[in-house]
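Descriptive analysis of the structure
Here is what each chain is made of, one letter per residue.
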Amino acid sequence: MLKLYNTLSRKKEVFRPLKNKKVGFYICGPTVYDYDHLGHAWNYTQADFLRRVLEYNGYKVKQVMNITDVGHLTSDSDTGEDKMEKSAREKKKTVWEIAEYFTKIFFENRKKLNLLKPHIVCKATDHIKEMTGLIKILEQKGYAYKIDDGIYFEVQKFPRYGRLSGNTLKKLKAGARIEINPQKRHPADFALWKFTPKKVKRQMEWDSLWGRGFPGWHIECSAMSMKYLGKTIDIHGGGEDNIFPHHESEIAQSESATGKKFVNYWFHTRFLKVEGQKMAKSLKNFFTLADIEKQGFSVLALRYLFLTSHYRSPINFTWKGLESAQIALNKLYEVVASLKSEAGKIDKKYQRKFLNVINDDLNMPEAISLVWQLIKDKKVKNVDKKKTLLDFDRVLGVNLSKVKKITIPSSVEKLVVQREEYRRQEEWQKADEIRKKIKKLGYKIEDTKVGPKIKTFR
Ligand SMILES: [Zn+2]
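To keep things clear, this report deals only with the structure shown in the data block. (Residues numbered from 1 in each chain as written. Predicted model: local features only at pLDDT ≥ 70, side-chain atom pairs only at ≥ 80, totals over all residues. Heavy atoms only, no water.)

Side note on a positive patch on the surface
Together, Lys-19, Lys-22, Lys-60 and Lys-62 make up a positively charged patch on the protein surface. With respect to the helices and strands, the residue Lys-22 is situated in strand E3 (residues 22-27). (Patch = residues over 30% accessible without salt bridge, like charges linked within 9 Å, V, L, I, M, F, W, Y side chains within 5 Å. Areas by Shrake-Rupley, 256 points an atom, 1.4 Å probe, with all protein chains shown as cover. Salt bridge = Lys/Arg side-chain N within 4 Å of Asp/Glu carboxyl O. Lys, Arg positive; Asp, Glu negative; His and termini not counted. Charge placed at Lys NZ, Arg CZ, Asp CG, Glu CD. Helix = DSSP H or I, 4+ residues; strand = E, 2+ residues; numbered from the N terminus.)

Overview of the coordination of the zinc ion
Binding of the zinc ion to the protein goes through Cys-28 (SG), Cys-221 (SG) and His-246 (NE2), at separations of 2.1 Å. Each donor residue of the zinc ion lies on one chain, and together they are spaced C-x192-C-x24-H. One end of the pair, Cys-28, is in the loop between E3 and helix H1 (38-56); the other, His-246, is in helix H7 (residues 243-258), and 218 residues separate them in sequence. (Donors = N, O, S within 2.8 Å, 3.2 Å for Na, K, Ca; no water.)

A look at the pattern of salt bridges
Scanning the entire structure with this criterion turns up 30 salt bridges. Across the pair Glu-81 and Arg-89 runs a salt bridge, and its minimum N-O distance is 2.7 Å. The exposure class of Glu-81 is partly exposed, given its relative accessible area of 30%. The partner of Lys-194 in a salt bridge is Asp-149, and the shortest N-O contact between them spans 3.1 Å. (Buried < 20%, exposed > 50% of the residue type's maximum accessible area, 1.4 Å probe, protein only.)

A short note on the sheet that holds strand E9 (residues 213-215)
A sheet is described by the order of its strands in space; here 4 strands give the open sequence E6-E7-E8-E9, paired in antiparallel fashion. Each edge of the open sheet is held by one strand with a lone partner, namely strand E6 (144-147) and E9. When strand polarity is set aside, the average angle formed by the axes of neighbouring strands in this sheet is 25 degrees. Taken together, the 4 bridges between strand E7 (residues 150-153) and strand E8 (residues 190-195) define a ladder with antiparallel strand orientation. Each bridged residue has a counterpart across the sheet, and for Gly-150 the counterpart in E8 is Lys-194. (Pairing = 2+ DSSP bridges. Axes fitted to C-alpha atoms, helices over the stretch in contact; angles between N-to-C directions.)

A short note on helix H12 (residues 364-376)
The end-to-end C-alpha distance of H12 is 19 Å, a good match for the 18 Å that 13 residues give at a rise of 1.5 Å each. Among all positions in H12, only Met-364, Ala-367, Ile-368, Leu-370, Val-371, Trp-372, Leu-374 and Ile-375 are buried. On its buried face, H12 is in contact with H1, helix H9 (299-307), helix H10 (319-338), helix H11 (348-358) and helix H13 (382-396). Sitting at the head of H12, Asn-363 places a side-chain oxygen 3.2 Å from the backbone nitrogen of Glu-366. (Expected span 1.5 Å × (residues − 1). Contact = heavy atoms within 4.5 Å. Polar contact = N/O pair within 3.5 Å; in protein donor to acceptor, adjacent residues only side chain to side chain.)

As structure tokens, this is what we get:
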């Protein structure tokens, strides 16, 4: 029995899908205006654990992820510049080039993290028709109104607004500072469609019933999730920062349009901090997967690190923590490589325990500690250990099935000898250059009292 914490009810609930063994799972994708960073990696890896846990339980999952390539403004309250257009201007590229480039990097990173590919990946710019169709329904039902800069959703017509985030209309009204847009009927009213401002030339704009412009940020997720998964979906996921206003607004516009419940289970991942601080470019702690690799770590070590934190606890990323994760992962690979694989059986007792912990709202830290318990358990035969670990890896996803007996290639061994030579001659810089070369090949040197020890990073 799988239990998941539901942000809407604020408690753990038994997961019951709408249709027997099928699960519709929508996850908010990235806004592709810049490199994705560790926060994205954390968020999408947790969503990947959820998908794998569902599949481990025998559910057939249909996962849909959008790509936001238009309409996400620099301020979440529908003011400011479009992030995509701004990035294109700064980088002197077309907005389409920007979208393509960062989407490509995003998917390369997903692959490195060993994240399963969503069944459907949908771009906002490919679904303008679906969005304007939904806005039209909202307008016909009296939920939308037009002002100078766009078509807005009137939150006061949806009394349940605020149930997901706790930001009720009353609180929002009291907390609103000077209204930037005095034509709005309530400070929380959000844009469904924005008009291209006069004298502005946008690269992305479309004609609509209301005028030339572009969609608001929230409408894309409602339109695309309805198109691919139906009016009501089982699970909708995202980062904690998506709860408000994004998901709150998705609920309001979707349920107003269809008259049906939009989402049964809301899954939100907490923030990632770096060395105890909020990640920000100004603090120079804004890391990408390329930075992880540049420091000589494998991206799967990051995945292992993510396994040791629960998705609903804020994670604090530290380089020291990553180092420990790398060492633990290397050790796990060494163990798996040393176990013979012929004709083993999955240990049922451990499998049951594993299922119990992952089904308790994805308790991955417990799952990892169970892995080490199993490895140390002398009562379980080695062949069965291997079979069981490979079974667990369907959820853990650290590529245990690809681990082979670790052999150091002769080219690396030669480099190690050469480095030792330089060190003897106290040519430290040259020695260090070789160390970097070795690192690039996926190996790490540890200088011990008895000489250098080579470790694999892959
Ligand atoms: Zn979304």
